[in-house]
Amino acid sequence: MGNRWNLHLPSTFLQGSAQHLRRLNLSGIPLSSLSQLLSSATGLIDLHLCVDTVFCLSPLASLLVHLQGMPFLRHLELKLEASYPRHSDSIDPAPFIKMEDIVPLSNLTYFHFFGYRVHLEGVLAGLAAPSLQDLRIILVDHSITLPIPHLSRFIQDEGRPVFAARFKFTRLSLDISLLHSANDPPFRIGVSSSMTSMARISTALSATLATVEDLFLTCSFQPNPITPWLSEGPNPYRDALGQFRNVEILRLRHALVLSVAEFLRHGDGELALDVLPALKEIELDAGGYHELVSESQRASALDSFGPFVAVRQRMGRPVDVFWNTDQVLPE
C-alpha cells in the first residue's frame, strides 16, 4: 500500500446505485476517503478492505460507524497496511467503548483480519457477531503478545456452551474448531502470529473453553517443533491444558502421542489431578493412516501412558487409554 489514493465518486452514484452494491473490494485507499461510499453502501453482503486504519479523527468516520449501517453483511475481510500503526492508533479505544455502543452484525458469519493487535482490539471491542462461524486472525506484531481481552466475548454464540474443541497445529498457524452440538457446523478460529500459542489462546478463551468435555489435539508435523505452539513457559503442556477443567475425553493424533505421554508420566499425584482433572478417556488416533502404525507401535504407545494411568487409578480417578479407528469430532 505504498501508493494510496483518494476515491472520488459522483453524488448520483452515492445517492442511488451505491445502496444496491452487494460486494465491494477496495485496496490502497485511506479509510477517511471511503466515508461517503461506505455510509451509502448499506446493502453490502461481502466487504473486502485494505486500508490504513480502522480509526479516524472524526468518530463519525470510523470503520465501526460504517459497519453499523450494513445489517446484511455476511463476509468481512479487513487488512491493515504493513506499516507500524500511527501514534494516534496506538491508543487502545476499547476501554472507551460502552456496551450500548457495540455494533451488532447479526448476519456476519466470516471475519478475516490481517494487521496489528491495536486495530484488532478496536474492532472486536465494538462488534457483536452472534452468527459468526469462521474467524481468521493474522497478527503482524512481533513485540506485542496475546491475549486479546475481547476475543472471548466476540465469539460467544448467544451463550451456548461449547462441548468439543479441536486444536490443530500447523507450521504457520493454530487452527481451532469449536462445537456447540454434534448437529451444528463447527465454529472455526485460525490464528497466525509469532507470539501465538495454545496456552495464550486458551487463556483468552477461558470462558468459552470452560465447558469443553471433548478435546482433540492434532498436528501436521512431528512433535519436536510443537513446543512453541503450546506455551513459552517451562511446562508447555501444563500451560496449554490448564484451562480444560471439564474435559472427559482427550483425543490425540499419533504424532503427539509420545510427547503427551512423556509429559503425563513425569507427574506425581498432585500433577495428575491438576491437569485435566475430569479426564476419563485418552483416545489415540492414527489420522487415517492406521495401516502405517504397526502393532508394536500401538502397544508401545499404550504402555507409555501406564504410569499416568496407574497414578490416576490409585487416586480413584481412573483413565482408560485405547486406539480408535472411528472418525474423530470435531472435523
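First, a word on scope: everything that follows refers to the structure included in this document. This structure is a prediction, so every number in the text was calculated from the model and none was measured.

Things to note about the sheet that holds strand β8 (residues 164-169)
An order of β1-β2-β3-β5-β7-β10-β9-β8-β11-β12-β13-β14 is seen for the 12 strands of this open sheet, with the pairing classed as mixed. A single partner strand is all that each edge strand has here, and the edge strands are β1 (23-27) and β14 (320-323). For this sheet, the mean angle separating the axes of adjacent strands, direction not counted, is 10°. In the sheet, strand β11 (residues 214-219) pairs with strand β12 (residues 249-253) via four bridges, with the strands oriented parallel. Within β12, the position partnered with L217 by the bridge is L252. This element, helix α4 (residues 117-126), spans β3 (75-80), β5 (110-115) and β7 (134-139) of the sheet and lies at about 150° to β5. Contacts between helix α10 (residues 254-265) and the sheet are confined to β8, β11, β12, β13 (281-285) and β14, with β12 contributing the most and set at about 125° to the helix.

Regarding the packing of aromatic side chains
Per the stated rule, a full pass over the model turns up two aromatic pairs. Ring plane angle 85° and centroid distance 5.9 Å describe the contact between F167 and F244, whose orientation is recorded as edge-to-face. Of this pair, F167 sits in strand β8 while F244 sits in the loop between α9 (236-241) and β12, and the two are 77 residues apart along the sequence. The exposure classification of F167 matches that of F244, with both residues buried. The positively charged end of K79 is found above the aromatic ring belonging to F114, 5.0 Å away from the centroid.

Quick notes on the pairing of strand β10 (residues 187-192)
In terms of residue burial, β10 counts as a mostly covered element, since five of its six residues are buried. Relative to β10, β7 is paired through five bridges, and the arrangement is parallel. Bridging from a neighbouring strand, L135 pairs with I189 of β10. Pairing of strand β9 (residues 174-179) with β10 involves five bridges; the strand directions are antiparallel. Note on β10: the bridge partner recorded for I176 is I189.

Observations concerning the environment of F72
The residue F72 is located in the loop between α3 (63-68) and β3 in this model. With 29 residues separating them along the chain, F72 and G43 place their C-alpha atoms 6.2 Å apart.

A short note on helix α13 (residues 306-314)
Within the span of α13, buried status applies to F308, V311 and R312. On an axial view of α13, the arc spanned by its buried residues comes to 95°, and they lie on one face. At the exit of α13 stands G316, carrying a positive phi of roughly 80°.

Focus: the pattern of salt bridges
In this structure the tally under the stated criterion is five salt bridges. The partner of D214 in a salt bridge is R251, and the shortest N-O contact between them spans 2.5 Å. With D214 in strand β11 and R251 in strand β12, this pair connects stretches of sequence that are 37 residues apart. Between R253 and D285 there is a salt bridge; the shortest N-O distance is 2.4 Å. Of this pair, R253 sits in strand β12 while D285 sits in strand β13; the two residues are 32 residues apart in sequence, bridging distant segments of the chain. For the pair formed by R253 and D285, the shared burial category is buried. Look at the salt bridges and you will find they share partners, linking D134, R136 and D175 into a network.

A short note on the nonpolar core
Core analysis: the largest hydrophobic core is formed by 84 residues, its most contacted members being L47, L78, F111, L135, F167, I282 and F305. If you tally residues by element for this core, the top one is α10, at six residues. Setting aside residues up to four positions removed in sequence, L78 forms contacts with L49, V51, V54, L63, F111, H112, F113, F114 and V123.

Definitions and limits used
- Residues numbered from 1 in each chain as written.
- Predicted model: local features only at pLDDT ≥ 70, side-chain atom pairs only at ≥ 80, totals over all residues.
- Heavy atoms only, no water.
- Pairing = 2+ DSSP bridges.
- Helix = DSSP H or I, 4+ residues; strand = E, 2+ residues; numbered from the N terminus.
- Axes fitted to C-alpha atoms, helices over the stretch in contact; angles between N-to-C directions.
- Contact = heavy atoms within 4.5 Å.
- Phe/Tyr/Trp six-rings, centres within 6.5 Å; stacked < 30°, edge-to-face > 60°.
- Buried < 20%, exposed > 50% of the residue type's maximum accessible area, 1.4 Å probe, protein only.
- Lys NZ or Arg CZ within 6 Å of the ring centre and 35° of its normal.
- Arc of directions from axis to C-beta.
- Salt bridge = Lys/Arg side-chain N within 4 Å of Asp/Glu carboxyl O.
- Core = buried A, V, L, I, M, F, W, Y, C linked by side-chain atoms within 4.5 Å.

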